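# Inside the fold
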Amino acid sequence: MYSDDFKPENYRYVGKNAVPRKDAAAIVAGKATFLDDFSLPGMLIGYTLRSPHPHAMIQSIDVDDAKKMNGVMAVLTYRDVDQEWKMGWPPQKPILCRHLRYIGDPVALIAATDLETARAAAEKIQVEYEILPCVTDGMEAIKDGAPQLYEEFPNNVVTPGYPPFQKDGPFWHLIKGDPEKGFEECAYIAEDTVEFAKMPAPLAPEPPGAVVRWEGGDDFTVWGTSQSGYILKIINSSVIPNCNLDVHTFNVGGSYGNKQSLGYQVMSAALLSMRTGKPVKVFQTKVEQMTAFETRLGSQVHAKIGMDKDGVVKAVKAEWVVDTGAFCNATQGQVGVGIGEAQLVMAKCPNWDLDTNIVVTNKQPAGIVRGYGGQELNSCLFLLIGRTMQAGNFDPLECYKKNYVSDGDLYTWRDGRTWQAHSINYVKAMDAAAEKFGWKDKWKGWGVPTWVSEDGRKVRGVGCGIIGNADIGEDNTEAYVRIVPDLVGNKAHAVLQCNVTESGMGQRSNLVKMVADILNMPYEKVEITPADTGINPTGFGLCGSRGTITYGHAVSSAAEDVKKKLFDLAVPYLEVAADAMELRDYGVGCKARPDKFVTWKKLIMQDLTLTGYGQHIENFSTPNFFIVFLEVEVDKETGRVEVKKMVGGTDAGQVIDPLMIEMQCHGGIGSASLDTALYEEHIIDPATKRPLTYNMIEYKWRPFNNFPEYETSILESQFDTFQFKAVGLGEIAGAAAASATMQAISNAIGVSVSTYPATPDVILKALGKV
Amino acid sequence: MKIQEITLYVNGIQYEFSIGNKFGQIPPGETLSQTLRNRLGLTGSKEACGEGACGCCTVIMEGDAITSCMTLTVDCDGKHILTIEGLADPETGELSPLQQAFIDRYAFQCGFCTPGIIMTSKALLDKNPHSTEEEIKEALSGNFCRCISQYHVVQAVSDVAGKAGA
Ligand code: FES
Ligand code: FES
């Protein structure tokens, strides 16, 4: 579907699914390589003995029996590891430490010839623990007298700011206008403490892992399950001083933002490799992934939101407590984006006081998951925005249209700088999605069901939520496109050199399509280099839905650069100016004279190649947008909620890959998004603090035979972003789904529900039945 | 201990193993997933949860889709096993219709769950070539896909079910 001002371009590949993904045949044949399919000669297996206590000090540890076992090559404890080699930002946590801060915190590391031997050795390690009082709630953790996790973080509050993101200084507190005065002008105000704090699991199918080979000196070769080798490199390069990591990745089995820096996996394998002189693989079990790897951040917010009589938000005052578990791995960046995304949905609001605290607690680390802070804050704030809309009896769709960012609006992004929205307006996309869903008919008002079964037992309600993100232009990135004449014949191929890991988005193939379009050559004749930080120019990978704009821009610019060089070389042959030339059939031709033509092979000197270079410079001025409409059915007897129908809507600019963008929308159901409103949560035993949802049997996830009807509504426009006029989408597809679900449930049963997840117990309580 | 020998037929090739704890033998506790992946180099099926919950390790044994992480190799004596590597035509390399349908429908994102999903679907279609959408979803209820490729997977499997000869 096109928005009015869009004239579709007829590209050869972009915007179509005329060719399969480059790795498609390998994936369906089981030939695609994932980390656990890979092995090196002499490779050892690394295994971690973990803390059974949420907060403890190692009193004594005896590893002698473990070391003596046949096949055990190394056993390391905190005594063997430099305590200044710290992970996280700010650097806080030694790779192995005497002070244990969560159930699952590493106690000892073993390298053995096989996993069974390593596990048997772990059982032989004798540890005595001094058990310390623990704190597992973010708001409790900042109170005076709460158990302290790190000396560096008084009151468990993490130092704000993340320098790579915030070059002008830390940004954690948004102050704008005069909130107190703003509230005076508001007709409707809601104030409450709300939370989205069950820290659900992103749960990529492939667990996190790494193979590390110490090359001697400062050099390490790393193969990781990271969706971005470059992020892994920059985050881990400061742990072991001066270390130089050459990072390779394979196909990655799902990440959803979660498998990026892999600090512990990489550093533990690096330590074991240094000690043994052999390559070491650390590949976590599903239980380790679910209990000791990073999960979604916890979010508790006390907020006051005011709306004027026309439904425009005019004042926001909020304190946001972000629970990052026992480890802070640049959570400051997520806080910056959360603050930014809140402004995009309330973009006309001139008065802000949004303060934040990141706190550490004795729970598994919480870190990056798709939605990146924005989803966590949105899920809270929308409960309150909903109350102001309800007080004014506004249709949420109409309110969103008035409040969502559009061309010309100003906002402060995660770098602490002010940006102005450019070239975007999503009102038409909201209307188009609403129409597809049938919102006009289904919306009956706040607290009013759209349908009630005859016996009154089952009720249906609708809700909608919006979100957007300006990170889609984040981070500088570069690319080369090299034309390589074929050795035999007169054709050529092109090599796209850029650092992009395939973790499910099909973006490697889409970048190839862009090159093939610009050079007007077959897709099959364009290759892309493997993801590797050593041979490729800089690229941050596909985080923050940045792939489309940032790589699209760098790659298209590189292709245009080489095109320009070919035109320059062709002038003596064609005797016309560059603007009269075109690329065709592996050569340069004259547009007006079909017979005037020279092959690339002839233009490029014998045995040499011709390279174009392109770059993208960070830019936060074109936020994307996603709206989700959904209808739920609630059984008032059992409290069970079922999502019956969903419509996901956006304007993507030029669609690059129609089928993949549809799947990106579907993806909003997974990875701790939609279902955080229904049943996805980490449950912790209140007595022992042990995670009860430690595996895929205990943790609730949506099975194949229980998916709602899903329709997409994707408009196309021409945004002024890069050569192909598109914006990226993926990350936000599910980010507003949880808050929309709460709205729909509340409308269905006529009682406001604001506890995530809305399990049967929560529903029955709301109905006064238990 | 008496030496026990077992024979497996994997993708049409016969393998004989001896069971025991000596180097090169299959320990009684080894799972079929470990044998296929680590000994035979058949890494197409993935091991993710190791406890029967995700279906990533699915292979077909005697016509049934099974989770190879929950199956002990010692219990597979004499069994015929088909893995994702055995689906394409061994001579021409041509993909099976089901594999081709997954490509045509873009029925995967990261592809980690895909071999397991294809094997479960294949076992279903072998038994019930005209499976309905409901039957397909039901059969796949043990296959976890977190990227959410379910909608396209149902289309791909339904395409093949729809085309099956009467
Ligand atoms: S790995 Fe076998 S079912 Fe998950
Ligand atoms: S395609 Fe990634 S889990 Fe299914």
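The coordinates are above.
Values in this document were obtained by computation on a predicted structure and should not be read as measured data. (Residues numbered from 1 in each chain as written. Chains lettered and ligands numbered in written order. Predicted model: local features only at pLDDT ≥ 70, side-chain atom pairs only at ≥ 80, totals over all residues. Heavy atoms only, no water.)

Contacts between chain B and chain A engage 44 residues on the former and 53 residues on the latter. Buried area between chain B and chain A, both sides added, is near 4,000 Å², and the carbon and sulfur share of it is 65%. A per-residue breakdown of the area chain B buries against chain A is headed by Tyr 106, Arg 146 and Tyr 151 of chain B, which together make up 22% of the total. The tally of links between chain B and chain A comes to four salt bridges. One salt bridge in this structure joins Arg 37 of chain B and Asp 37 of chain A, with 2.7 Å as the shortest N-O distance. Secondary structure elements with two or more residues in the side of chain B that touches chain A: helix H1 (32-39), helix H2 (97-104), helix H3 (114-127), helix H4 (133-139) and helix H5 (150-163) of chain B. (Contact = heavy atoms within 4.5 Å. Buried area = accessible area lost by both parts, 1.4 Å probe. Salt bridge = Lys/Arg side-chain N within 4 Å of Asp/Glu carboxyl O. Helix = DSSP H or I, 4+ residues; strand = E, 2+ residues; numbered from the N terminus.)

Time to look at helix H6 (residues 229-236) of chain A. Counting buried residues in H6 of chain A gives six out of eight residues, a clear majority hidden from the surface. Inspection of H6 of chain A places Gly 229, Tyr 230, Ile 231, Leu 232, Ile 235 and Asn 236 of chain A among the buried residues, and these make up the whole buried set. (Buried < 20%, exposed > 50% of the residue type's maximum accessible area, 1.4 Å probe, protein only.)

This brings us to the nonpolar core. Soluble globular proteins tend to bury their nonpolar side chains together. With 231 residues, the main nonpolar core has Met 346, Leu 496, Leu 519, Val 588, Trp 600, Phe 629 and Ile 745 of chain A as its most contacted residues. When residues in this core are grouped by element, the largest group, 11 residues, is from helix H15 (residues 547-574) of chain A. The residues touching Met 346 of chain A, leaving out its near neighbours within four places in the chain, are Val 313, Val 316, Trp 352, Leu 381, Ile 385 and Asn 403 of chain A. If you look at the next biggest cluster of nonpolar residues, it comprises 51 residues, including Tyr 699 of chain A together with Cys 56, Leu 140 and Ala 156 of chain B. (Core = buried A, V, L, I, M, F, W, Y, C linked by side-chain atoms within 4.5 Å.)

All names here are of chain A. Where burial is concerned, the two faces of strand E30 (residues 610-616) differ: the one with Leu 610, Gly 612, Gly 614 and His 616 is buried and the one with Thr 611, Tyr 613 and Gln 615 is not. When strand E24 (residues 477-485) meets E30, the two strands line up antiparallel, connected through seven bridges. Bridge pairing in E30 places Arg 482 opposite Thr 611. (Pairing = 2+ DSSP bridges.)

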